[in-house]
Amino acid sequence: YSALADNAYAPTWNPAGLAFMSSFQMAAQHLAYVQSTHYEYAGVGFPFDKPRDCTGGLWCGTSGVGGSIQYFGSGDIAGLDRTGSPTGSYSSYFAAYNLSYGRAFGDRFALGATGKMVNAQLDDVSANAFGMDIGSFYKLRSNIQLASTLMNVGGRLTFLNEGDPLPMTFHLAGAYQPVSSLNLASELLFPRTGLVSFRMGAEWMANSLITLRTGYRT
């Protein structure tokens, strides 16, 4: 989604897309998942017009700010001691709070950055980490968009004395709209640890109320 995020999802997927928003937007999602797990999302974006005294050139471009919240909760989990005896229930969650800014340089190219705080709770033990995302967005043509992002640059999420670094990943993406009702997108992911992966997807807008999507990833 990095090359399509010029909307309220930009704070999460590519902050540079905020510079190309055409209007104020909000997005929200609630997902009731397997067993008692659940995922919540809220995002917002505010675009700004070009400065009134703008006379053209590289520094004459639109900009935007936005923010998002991501929250994944486990619900209640049955606790057991080392012998397998019940100890009561507990819960856990992971959350990310993002604040973003995007700025266009001309009419085609934009850069953006997101500052984020990641918070996690496991029973009565918590952990916090701070990080950032850096994104770029380029409109090659009116129907072709390119993007790159470097996600989760930052510290370690540490519970007590043990922790792991944030999952830093570089994304290289493209999107193509052959006709007004069809979007095609692809993306390469290069994680700091683990295998390189490829993702692709298609979105068909059947009418003003129905949109169908399908995708594949390695």
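The following paragraphs examine the structure supplied in this document.

The rules behind the values
Residues numbered from 1 in each chain as written. Predicted model: local features only at pLDDT ≥ 70, side-chain atom pairs only at ≥ 80, totals over all residues. Heavy atoms only, no water. Helix = DSSP H or I, 4+ residues; strand = E, 2+ residues; numbered from the N terminus. Buried < 20%, exposed > 50% of the residue type's maximum accessible area, 1.4 Å probe, protein only. Contact = heavy atoms within 4.5 Å. Salt bridge = Lys/Arg side-chain N within 4 Å of Asp/Glu carboxyl O. Polar contact = N/O pair within 3.5 Å; in protein donor to acceptor, adjacent residues only side chain to side chain. Patch = residues over 30% accessible without salt bridge, like charges linked within 9 Å, V, L, I, M, F, W, Y side chains within 5 Å. Areas by Shrake-Rupley, 256 points an atom, 1.4 Å probe, with all protein chains shown as cover. Pairing = 2+ DSSP bridges. Axes fitted to C-alpha atoms, helices over the stretch in contact; angles between N-to-C directions. Core = buried A, V, L, I, M, F, W, Y, C linked by side-chain atoms within 4.5 Å.

### Observations concerning the overall build of the chain
Within the chain, the secondary structure is distributed over 1 helix and 15 strands. Overall size of the chain, expressed as C-alpha extent along the three principal axes, is 70 × 40 × 35 Å. Burial status across the chain gives 34% buried among its 218 residues. Sequence separation of 24 or more characterises 45% of the internal contacts of the chain that already satisfy a separation of 6 or more.

### Observations concerning the pattern of salt bridges
Applying the stated criterion across every chain yields a total of 2 salt bridges. Lys116 is paired through a salt bridge with Asp133; the nearest N and O atoms lie 3.1 Å apart. Of the two residues, Lys116 is situated in strand β7 (residues 109-122) and Asp133 in strand β8 (residues 125-141); the sequence distance between them amounts to 17 residues. Here Lys116 matches Asp133 in class, with each residue buried. Across the pair Glu203 and Arg213 runs a salt bridge whose closest N-O atoms are separated by 2.8 Å. With Glu203 in strand β14 (residues 197-205) and Arg213 in strand β15 (residues 211-217), this pair connects stretches of sequence that are 10 residues apart.

### Quick notes on the side chain of Lys116
Of the residues examined, Lys116 reaches a relative accessible area of 10% and is grouped as buried. Only 2.9 Å separates the side chain of Lys116 from the side chain of Asn152, close enough to count as a polar contact. Beyond its immediate chain neighbours, meaning those up to four positions away, Lys116 contacts Tyr97, Asn98, Ala129, Phe130, Gly131, Met132, Asp133 and Asn152.

### Describing a nonpolar patch on the surface
Nonpolar side chains collect at one region of the surface, where Phe170, Leu172, Leu188, Phe190, Val196, Phe198, Met200 and Tyr216 lie side by side and expose about 720 Å² of accessible area between them. Put simply, the parts of the chain that give the nonpolar patch at least two residues each are β12 (169-179), β13 (182-191) and β14.

### What to know about the sheet that holds β14
Read across the open sheet, the 11 strands follow the order β1-β2-β3-β6-β7-β8-β9-β12-β13-β14-β15; overall the sheet is antiparallel. Every other strand in the sheet has two partners, leaving β1 (25-32) and β15 as the edge strands with one partner each. Across the sheet, the mean angle separating the axes of adjacent strands is 15 degrees when strand polarity is ignored. With 11 bridges joining them, strand β3 (residues 63-73) and strand β6 (residues 92-105) adopt antiparallel strand pairing. When the bridges of β6 are listed, Ser68 appears paired with Asn98.

### Examining unusual backbone geometry
For residues besides glycine, phi is generally negative; the peptide bonds are generally trans as well. Non-glycine residue Gln35 carries a positive phi angle of around 55 degrees. Secondary-structure assignment places Gln35 in the loop between β1 and β2 (38-48). Relative accessible area serves as the criterion here: at 84%, Gln35 is assigned to the exposed category. Phi angles above zero are rare outside glycine, and Asp123 is one such case at about 60 degrees. Positionally, Asp123 belongs in the loop between β7 and β8.

### So, the pairing of β7
Pairing of β6 with β7, which is carried by 14 bridges, proceeds in the antiparallel orientation. Of the residues in β7, the one forming a bridge with Tyr93 is Gln121. Between β6 and β7, which pair antiparallel one after the other, the connecting turn spans 3 residues, and Gly106 there sits at a positive phi close to 85 degrees. Where β7 and β8 come together, 14 bridges link them in antiparallel fashion.

### Quick word on the nonpolar core
Core analysis: the largest hydrophobic core is formed by 7 residues, namely Ala96, Val118, Ala120, Ala127, Ala129, Leu157 and Leu166. When neighbours within four sequence positions are excluded, Ala127 is seen to be in contact with Val118, Asn119, Ala120, Leu157, Thr158 and Phe159. One finds Ala16, Ala19, Ala110 and Phe137 within the second-largest nonpolar core, a separate group that totals 6 residues.

### What to know about the pairing of β3
By the bridge criterion, 11 bridges tie β2 to β3 in an arrangement that is antiparallel. Of the residues in β3, the one forming a bridge with Pro47 is Gly64.

Interpretation note: all reported values are geometric properties and have no functional meaning in isolation.
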